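Now for the letters of each chain:
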Amino acid sequence: MARRETLKRKRIKAVLLAVVCSTAAVFSPMGNVLAEGHIPGTNAVIPDQKRPGNYTAGLDNPVSWEQADISRNLFSQGPMADSQNAGVQHLMAAARDAGALQPDMANNYAEVQKSVDAVGNAGAQQPDLADNGPKVQQRERRELREAVNEAVTQELDQELAGAVSDTGAQQREGQEPPDSSKPSEMQVPDSSRSSDEQSSDSGEPSDGSSGPSDGSSGPPDEQPSDGSSGPSDGSSEPPDEQPSDGYSEPSDGSGQNPEGQIPDQEQPGEAEPDQDDPAQDEEERKDTIKVTVSVSLNKNGTYADVSWKKTGDGKVSSYLVQRSSSRNGKYKTIARPEAGKKYTDKKVKSAQRCYYRIAAKTESGDLYYSKARLFQCPVEPLSGVRLVRYSTTSIKVMWDQSKNKKAKWYKVYYAKSKTGKFKLAGVTKNSWYRVKNLKNGQDYYFGVKACTTKKESGFDSMLSKTAKMKTVPYERTTIFAGDSITTGLSSYHILDEIAIGGKKSVVAAIGLNTMTFRTKKVFNGKSGVESIVAARPYRVYIMLGDNDIHFRNKNDLIDGYREIVRAIKEGTPDTDIVILAASPVTAAEVSRRKGFAQIPAYNQGLSALAKEMGVKYFDCTGFLKDSTGWLKSAYNAGDGVHWQPAAYHEYARRLTAYDKSQD
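Analysis parameters
Residues numbered from 1 in each chain as written. Predicted model: local features only at pLDDT ≥ 70, side-chain atom pairs only at ≥ 80, totals over all residues. Heavy atoms only, no water. Pairing = 2+ DSSP bridges. Helix = DSSP H or I, 4+ residues; strand = E, 2+ residues; numbered from the N terminus. Axes fitted to C-alpha atoms, helices over the stretch in contact; angles between N-to-C directions. Patch = residues over 30% accessible without salt bridge, like charges linked within 9 Å, V, L, I, M, F, W, Y side chains within 5 Å. Areas by Shrake-Rupley, 256 points an atom, 1.4 Å probe, with all protein chains shown as cover. Salt bridge = Lys/Arg side-chain N within 4 Å of Asp/Glu carboxyl O. Lys, Arg positive; Asp, Glu negative; His and termini not counted. Charge placed at Lys NZ, Arg CZ, Asp CG, Glu CD. Buried < 20%, exposed > 50% of the residue type's maximum accessible area, 1.4 Å probe, protein only. Expected span 1.5 Å × (residues − 1). Arc of directions from axis to C-beta. Contact = heavy atoms within 4.5 Å. Core = buried A, V, L, I, M, F, W, Y, C linked by side-chain atoms within 4.5 Å. Phe/Tyr/Trp six-rings, centres within 6.5 Å; stacked < 30°, edge-to-face > 60°. Lys NZ or Arg CZ within 6 Å of the ring centre and 35° of its normal. 1 Å grid on protein atoms, 1.4 Å probe; cavity = no way out; pocket = protein on both sides within 12 Å on 5 of 7 lines; lining within 4 Å. Points joined across faces, edges and corners; volume = space filled by probe spheres on them. Nonpolar A, V, L, I, M, F, W, Y, C, P; charged D, E, K, R; others polar. Parallel < 35°, antiparallel > 145°, perpendicular 65-115°, else oblique. Left-handed = near helix turned anticlockwise from the far one by under 90°.

1. Examining the sheet that holds strand β2 (residues 304–311)
And then number 1: The strand order across the open sheet formed by three strands is β1-β2-β5, and the pairing between neighbours is antiparallel. Pairing within the sheet leaves two strands with one partner each, and these edge strands are β1 (290–297) and β5 (342–345). On average, each strand axis in the sheet is inclined to that of its neighbour by 20 degrees, with strand direction left out of account.
And then number 2: Strand direction decides the pairing type here: β1 and β2, joined by eight bridges, are antiparallel. Within the sheet, the bridge partner assigned to threonine 292 lies in β2 and is lysine 309.

Quick look at the structure:
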């Protein structure tokens, strides 16, 4: 029975607090009177000590009821009775029932009378407030009753008591707790006595009926919304509903708020959100969205595979894949996938550093970004890796140069099996590399990387497709091709002076030129080009032009050379081709046959052709020239074109040095 009485008192207290607060909010003039002491339309000011909240007694103080009755009589006799300001009257009645009037108002009748007159005048000057106030008040009370009833009925024993206790700790800003050393002007009921005994002392009925001591009933709108009738006499509240403002209460067991004030936190509409509120749950779900991103190199060697993972309960409608050249730079959206967790960026540029991030987009348009992830896009993988035997224990690795201008270096790797561990053989700027000290009779796999720096970096390309070769006893072949000048290597027995390992042979004949070397079959039924292709040499040196430069245009000779190189490359692609510069003639011979004057320009054209065709060019004729740039008389064999043996000896020395430099 005592528990039911406690619950009823809690509900009545909550309803009264809500009504008083809402009424004060609706009627701003009266709100100023109660809270600020200012009466609109007048110069009257209620003294600070007589405003609600300074020394107001609680609902349990019978003196408050007596003085409230006096105040009601004063208001009913004052100008308010004539102003017909129903809203203000109702507000004052509600304030009386809540115990919000001053305990010493009866002792200050003159001051109270002034305040009443001022309020009455304010009500008379605001007819809209008097006419419309009750309607607005009624609607506000109805809405508040519904909200309060719902809050009270849900876990009343725990949640309401906890809410009152928590909110009581937060006092209104600017208020100081009363000095506990001063005697309290309030009558504190003895907590050791029963509620029925305390009610009988105050002259109130103990059967739970509501109403003041004079038997008048309060306004019907202030009754609890569940229809139950409870005491409105301000009987003492349970200790667990008292606010805690950080200082110690007198240990008399009353558990009352010393100032009898209504905490701000108890205002309607400011309660904690319902834990079961779907909108709140949705907000929490959105806050849990988290996206992580990773980037890896695509199997093609240059694309970026961007993948991401979403965690949390939030719903995502789509994703944005974004890329930037710097971590904190401007990001560009490159894709908007609605589904899936992976995207391949095929437009990322090689040899560049970039950052990727993912933005998860919700249905409401909110974006949740991942952290940025660095990706270094390497150079494109190389193609055309080829192998040529150089000796029994060495193999020459060749490849097509990278099309990427940033690729300045090449790293050559080898392994004993296709899936084995590849070792670095060497680094070079050339498009070939000789791997030495290999084991005879062993299979080897070779691959090459294109690189921007000599040291290892994130821009190194993937290893090219590997090429396989088995080391076996091998003797390399070198061919020297050309016309009558080249035949002198055999005539003067110069080949042995060219210190190149393996076999050396000459494919040359008197009178051959850039046309007949392809067409005239003077080598056992084969042309010069056919003989080279059949031998499949390791390297071939070609020197042609002196037999046709004097009567043909140099450009025609270059075109003929182009066809010779193309035919050799097609017939034996692994053969290393070197174009040699044409030999100078004497100045007298230039005067006799003007076409020889084209030789310097012709040699420049051959250098450009070698670069065009991807072959080598070597000019070792500097030692043959005199101060005028033509053939020295000491090397002239007598016809102004051919060489003395001394020239061949020097020529052999220079060729040896060059050949070794290439391997």
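2. Description of a positive patch on the surface
And then number 1: On the surface, Lys290, Arg327, Lys371 and Arg373 cluster together into a positively charged patch.
And then number 2: Among the structural elements, lysine 290 can be located in strand β1.
And then number 3: Given the relative accessible area of 53%, lysine 290 is considered exposed.

3. A look at helix α16 (residues 599–613)
And then number 1: With 15 residues, α16 should cover 21 Å at 1.5 Å per step; its first-to-last C-alpha distance of 21 Å lies within 8% of that length.
And then number 2: Along α16, the positions that sit buried rather than exposed are Ile599, Tyr602, Asn603, Gly605, Leu606, Leu609, Ala610 and Met613. In an axial view of α16, the angular spread of the buried residues amounts to 160 degrees, which keeps them on one side of the axis. In this structure, α16 carries Gln604, Lys611 and Glu612 as exposed residues pointing more than 90 degrees from its buried face.
And then number 3: Where α16 is buried, its residues contact α14 (554–571), β19 (576–580) and β20 (616–618).
And then number 4: Of the residues trailing α16, glycine 614 is marked for its positive phi of about 75 degrees.

4. Notes on the nonpolar core
And then number 1: In this structure, Phe517, Ile542 and Tyr651 are the most contacted members of the largest nonpolar core, which totals 58 residues.
And then number 2: Apart from the residues lying within four places of it in its own chain, the contact partners of phenylalanine 517 are Ala481, Gly482, Val507, Leu512, Ser527, Gly528, Val529, Ile532, Leu544 and Ile564.
And then number 3: Counting residues in hydrophobic clusters, the runner-up holds 19 residues, among them Val385, Val397, Val448 and Ala450.

5. Side note on the sheet that holds strand β16 (residues 477–482)
And then number 1: Taken together, the five strands give an open sheet; going across it, the order is β17-β16-β18-β19-β20, and neighbouring strands pair in parallel fashion. Lying at the two open borders of the sheet, with one neighbouring strand each, are β17 (503–508) and β20. Put simply, the sheet's adjacent strands are angled 20 degrees from each other on average, direction ignored.
And then number 2: Pairing between β16 and strand β18 (residues 539–543): five bridges, direction parallel. Residue pairing across strands places alanine 481 opposite isoleucine 542, the latter belonging to β18.
And then number 3: Across the face of the sheet, helix α13 (residues 528–535) comes into contact with β16, β17 and β18 while running at roughly 175 degrees to β16.

6. Quick notes on the packing of aromatic side chains
And then number 1: Following the criterion strictly, the structure yields 14 aromatic pairs and no others.
And then number 2: When the centroid spacing of 5.6 Å and the interplanar angle of 50 degrees are considered together, the rings of tryptophan 308 and tyrosine 319 count as tilted. Here tryptophan 308 is found in strand β2, whereas its partner tyrosine 319 is found in strand β3 (residues 318–324), with 11 residues between them in sequence. Pair check on accessibility: tryptophan 308 and tyrosine 319 agree, each one buried.
And then number 3: Seen from their ring centres, phenylalanine 480 and tyrosine 541 are 5.3 Å apart, and the 10 degrees between their planes marks the pair as stacked. With phenylalanine 480 in strand β16 and tyrosine 541 in strand β18, the pair connects residues that are 61 residues apart, well separated along the chain.
And then number 4: With relative accessibility at 2%, the residue phenylalanine 480 sits in the buried group.
And then number 5: Three or more aromatic residues joined by ring pairs form one cluster here, namely Phe480, Tyr541, Phe618 and Tyr658.
And then number 6: Over the ring of tyrosine 331 we find arginine 357; its NZ or CZ atom is 4.1 Å from the centre of that ring.

7. With respect to the layout of surface pockets
And then number 1: Roughly 700 Å³ of volume is contained in the second largest pocket.
And then number 2: Around the second largest pocket, the lining comprises 23 residues; the ones closest to its centre are Gln401, Ser431, Gly614, Val615 and Lys616.
And then number 3: When contributions to the lining of the second largest pocket are tallied by element, the ones reaching two or more residues are β19, α16 and β20.
And then number 4: If you tally residues by element for the lining of the second largest pocket, the top one is α16, at four residues.
And then number 5: Classifying every residue of the lining of the second largest pocket gives nine nonpolar, seven polar and seven charged.

8. Describing the environment of valine 412
And then number 1: For valine 412, the location among the structural elements is in strand β11 (residues 409–415).
And then number 2: Exposure remark for valine 412: the relative accessible area of 0% places this residue in the buried category.
And then number 3: Considering only alpha carbons, one finds valine 412 and valine 397, 15 residues apart in sequence, at a separation of 8.1 Å.
And then number 4: Residues within four places of valine 412 in sequence aside, it is in contact with Val397, Trp399, Lys423, Leu424, Ala425, Gly426, Tyr433, Val435, Gly447 and Val448.

9. Structural notes on the packing of α13 against α14
And then number 1: Orientation of α13 relative to α14, taken along the N-to-C sense of each, is 25 degrees, at an axis distance of 9 Å. Taken together, the axes of α13 and α14 are roughly parallel relative to one another. Seen along the crossing, α13 lies across α14 with a hand that is right-handed. Contacts from Val529, Ile532 and Val533 of α13 reach α14 at Ile564, Ala567, Ile568 and Gly571.
And then number 2: Tallied by class, residues from the contact of α13 with α14 come to six nonpolar, one polar and no charged.

10. What to know about helix α17 (residues 645–661)
And then number 1: With 17 residues, α17 should reach 24 Å at 1.5 Å per residue; the first-to-last C-alpha distance of 25 Å fits that figure.
And then number 2: Buried-residue contacts for α17 involve β9 (386–391), β16, α11 (484–491), β18, β19 and β20.

11. Looking at the side chain of arginine 562
And then number 1: With respect to the element layout, arginine 562 can be found in helix α14.
And then number 2: For arginine 562, a relative accessible area of 18% puts it in the buried group.
And then number 3: Among all residues touching arginine 562, those that are not within four sequence positions of it are Leu609, Glu612 and Met613.

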